[in-house]
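Examining the three-dimensional arrangement
Chain residues, written in single-letter form:
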Amino acid sequence: MRATLGVFWDRLMEQRWLLPLLVAVGLALAFAIPQFRLVNNYVQLVMILAGINIILATSLNLVNGYMGEFSLAHAGFMAVGAYTSVLLTLHVFPVAAYPGLFHLSVLAGGLVSALLGLLVAIPSFKVRGDYLAIITLAFLMIVKSALENIDVIGGPRGISGIPRLTTLPLVFCWTVALVWLLRNFVYSSFGRGVLAIREDEIASELMSVDTKRVKVLAFMLSAFCAGIAGALFAHLLQFISPRVFDIVKTTEILIMVYLGGIASIGGSIIGATLYTILLEVLRPSTVAGLLSWLPAVVFDPLNEHFIRHLGVLRMIIMPLLLVLVMLYWPRGIMGMRDFRGFIPLRDRLAHRAATPRGPTRNGTADSH
Amino acid sequence: MALLIATKVRHHFGGLCAINDFNLELHQGELMGIIGPNGAGKTTVFNLITGVYRASEGSIRLRESELVGMTPHQITARRIARTFQNIRLFRDLSVLDNVRIAQYSKTRYSPLEALLHLGRFRREEQRIIEHSRDLLAIFKLEHLAGETARNLPYGSQRRLEIARALATGPELLLLDEPAAGMNPAEIDQLMDFIRWIREQFQLTILLIEHQMQLVMGICERIKVLDFGETLAEGTPEAIRNDPWVMKAYLGAEAVG
Ligand SMILES: Nc1ncnc2c1ncn2[C@@H]1O[C@H](COP(=O)(O)OP(=O)(O)OP(=O)(O)O)[C@@H](O)[C@H]1O
Ligand SMILES: [Mg+2]
């Protein structure tokens with residue numbers, strides 16, 4: 001029975017129509033959910049956040065996982081995308097009259113962010129590892145203090161009164177589109193160049209890989225995605241300030257990446273989704289609700305000393321989680337592997353030959 | 001016609017002069033060997049030719065173009081490929097990907113075409129896969145295409161390194177101690193193999209080797225280095241009978 005199920009599952013996973021079908025169903029749901037109020041607003045919000053987080057995690061994984069660097073700049077790119085798009089929405093495009101122009105401001109957020117990605121790519125020619133990590137951290141801090149010191153865009157108070165234009169179907173489309181772009185990039189000669197750089201930069205050069213170009217492309221693509229995510233995030237929150245995009249935000253994205261597993265698109269999708277849910281579950285009200293069945297003698301002190309402070313405790317728990325995952329679970333949920341459906345068929349066939357399933361980059365996860 | 005000409009190349013690491021007054025004229029189709037004791041500067045010569053180090057002085061020309069000052073990937077794209085003394089595969093990547101990566105400079109699609117998965121991208125990817133599999137078949141590695149490089153036995157890793165170098169499409173191949181760690185029977189096979197790939201891929205080959213059996217067996221010309229200086233250059237017979245070389249290098253080998 002199990003064997004037949006296994007064969008059936010394998011067959012199913014081989015089907016080319018499976019992924020397009022899932023995307024189509026997802027798209028239909030993404031439109032239907034707000035239209036027919038299939039779930040309440042809170043659940044819908046969590047779904048939108050999950051989508052944005054998926055964009056952030058998959059794109060950071062390109063630099064931190066596939067390329068093997070440790071970038072802390074991602075929240076900075078988000079900020080650039082968020083501020084760019086918000087300023088365009090509020091002051092340049094007559095979005096009220098032509099709502100379609102909102103898409104342009106999101107796209108512009110991504111493009112400006114990609115340009116700044118170039119700025120971070122340049123030091124990566126010279127330095128790697130810890131030093132590059134420090135440079136990306138500096139970038140993050142520069143972005144934040146620059147935003148804090150420009151009064152026209154609100155300074156440390158930020159910008160409020162942003163129209164809520166980010167919707168579930170829009171986030172769904174962007175998520176699918178950007179994950180698709182990232183996946184295409186990863187399985188191209190540029191993506192293989194990124195992997196080669198992680199393995200051995202000098203050997204890559206000697207095997208004809210233009211490592212500078214590959215780094216620029218990877219950083220720019222990663223920053224582009226973060227910029228888009230930032231733009232979507234800003235038009236969801238309806239309020240942004242420099243504090244929204246600080247090191248805590250970067251840490252959150254890092255947790256998603258390393259929890260899901262490095263060099264894995266599927267891993268980042270799982271990591272981002274899990275993290276989004278975990279964050280909601282750890283809210284004081286949720287935890288209190290979940291534990292309310294406890295007798296008052298236990299519940300009250302617990303509530304007094306722990307549950308009520310979860311908002312602050314999260315700031316300790318989350319970085320701790322990152323450290324623990326990196327130390328004791330470096331592969332994460334599916335590091336260096338991916339869902340079969342994400343690997344182009346030609347790549348799977350080319351690798352098949354004698355060892356159809358090995359723990360290589362092109363190995364596949366049998367779980368969904 | 002000379003393919004590669006190095007003139008008065010000099011290179012030092014800090015105070016140490018690793019290469020001094022190095023001259024080399026390599027003709028198309030030739031198979032030349034570089035020998036010399038440990039630390040003589042042999043690998044440094046390879047690193048200078050391939051752009052890993054930039055020569056402090058002198059010039060290295062491939063046909064008409066000056067290589068000094070170029071980055072390694074530019075030099076490789078000009079059809080010079082190499083292997084390494086200590087195997088330097090992309091260990092965590094598949095055998096196939098090792099060979100595919102080496103075709104980077106021959107890939108004809110733009111980043112945009114790759115991102116959007118356009119027709120030319122798909123055709124090129126298919127072509128790269130087919131070429132890679134052909135190469136792997138030649139090296140009897142095809143059945144290992146999906147295997148992670150680090151899991152291959154030593155001999156297969158050595159073969160994969162040559163396959164990967166050939167995937168860049170070279171006309172000049174630099175082999176750094178290809179026979180390291182091989183027994184005499186394996187060295188015999190390797191000699192046949194080097195001759196064969198030279199024919200098959202129309203290569204000019206420059207190799208570094210300590211194994212006299214191989215050097216004397218296949219090289220048409222040999223250059224002897226010691227402390228960065230050229231001690232002698234000539235046919236295998238001439239080298240074997242050179243008293244200086246005997247003393248500085250072969251003598252020590254024969255005793256040891
Ligand atoms: N990156 C470097 N920095 C400093 N010194 C170096 C460097 N690379 C090589 N050297 C020195 O240059 C000299 C020549 O080294 P090289 O590796 O070219 O020797 P080799 O002839 O290949 O020796 P072997 O037979 O042991 O491989 C040695 O004294 C070595 O210590
Ligand atoms: Mg050497």
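Residues numbered from 1 in each chain as written. Chains lettered and ligands numbered in written order. Predicted model: local features only at pLDDT ≥ 70, side-chain atom pairs only at ≥ 80, totals over all residues. Heavy atoms only, no water.

Re the packing of helix H3 (residues 41-66) of chain A against helix H11 (residues 247-260) of chain A
All names here are of chain A. Put simply, H3 and H11 touch, their axes get as near as 9 Å, and they point 70° apart. The orientation of H3 relative to H11 falls into the category roughly perpendicular. Mapping the contact onto sequence places Asn-53, Leu-56, Ala-57, Leu-60, Asn-61 and Asn-64 in H3 and Ile-253, Leu-254, Met-256, Val-257 and Tyr-258 in H11. Looking at the contact of H3 with H11 residue by residue, the classes come out as eight nonpolar, three polar and no charged. (Axes fitted to C-alpha atoms, helices over the stretch in contact; angles between N-to-C directions. Helix = DSSP H or I, 4+ residues; strand = E, 2+ residues; numbered from the N terminus. Parallel < 35°, antiparallel > 145°, perpendicular 65-115°, else oblique. Contact = heavy atoms within 4.5 Å. Nonpolar A, V, L, I, M, F, W, Y, C, P; charged D, E, K, R; others polar.)

Things to note about the site of ligand 1
All names here are of chain B. Taken together, 14 residues lie near ligand 1, and Gly-39, Lys-42, Thr-43, Thr-44 and Gln-85 sit nearest. Measuring from an oxygen atom of ligand 1, one finds a side-chain N or O atom of Gln-85 at 2.7 Å. Here His-210 contributes a side-chain N or O atom positioned 3.0 Å from an oxygen atom of ligand 1. Computed on the free molecule, ligand 1 has an accessible area of 640 Å², of which 64% lies beneath the protein chains in the complex. Every element with two or more residues in the shell around ligand 1 is listed here: strand S2 (16-27) and helix H1 (42-49). Ranked by residue count, the leading element in the shell around ligand 1 is H1, at three residues. (Near = heavy atom within 4 Å. Polar contact = N/O pair within 3.5 Å; in protein donor to acceptor, adjacent residues only side chain to side chain. Areas by Shrake-Rupley, 256 points an atom, 1.4 Å probe, with all protein chains shown as cover.)

Considering the domain arrangement of chain B
Residue and element names in this part refer to chain B. According to the domain assignment, chain B contains domain 1 (1-79 + 170-256) and domain 2 (88-168). If you average the C-alpha positions of domain 1 and of domain 2, the two centres end up 27 Å apart. With 15 residues of domain 1 in contact, the opposing surface of domain 2 contributes ten residues. In total, domain 1 and domain 2 occlude about 1,000 Å² of area from one another, counting both sides; carbon and sulfur atoms represent 79% of this. It is Pro-170, Phe-193 and Phe-201 in domain 1 that bury the most area against domain 2; as a group they hold 39% of the surface buried on that side. At the boundary of domain 1 and domain 2, one finds zero salt bridges. When residues of the side of domain 1 that touches domain 2 are traced back to their parent elements, those giving at least two are helix H2 (72-77), strand S7 (172-176) and helix H7 (184-201). It is H7 that contributes the most residues to the side of domain 1 that touches domain 2, four residues altogether. When grouped by side-chain class, the residues that make up the side of domain 1 that touches domain 2 number eleven nonpolar, two polar and two charged. (Domains from an automatic or database assignment. Buried area = accessible area lost by both parts, 1.4 Å probe. Salt bridge = Lys/Arg side-chain N within 4 Å of Asp/Glu carboxyl O.)

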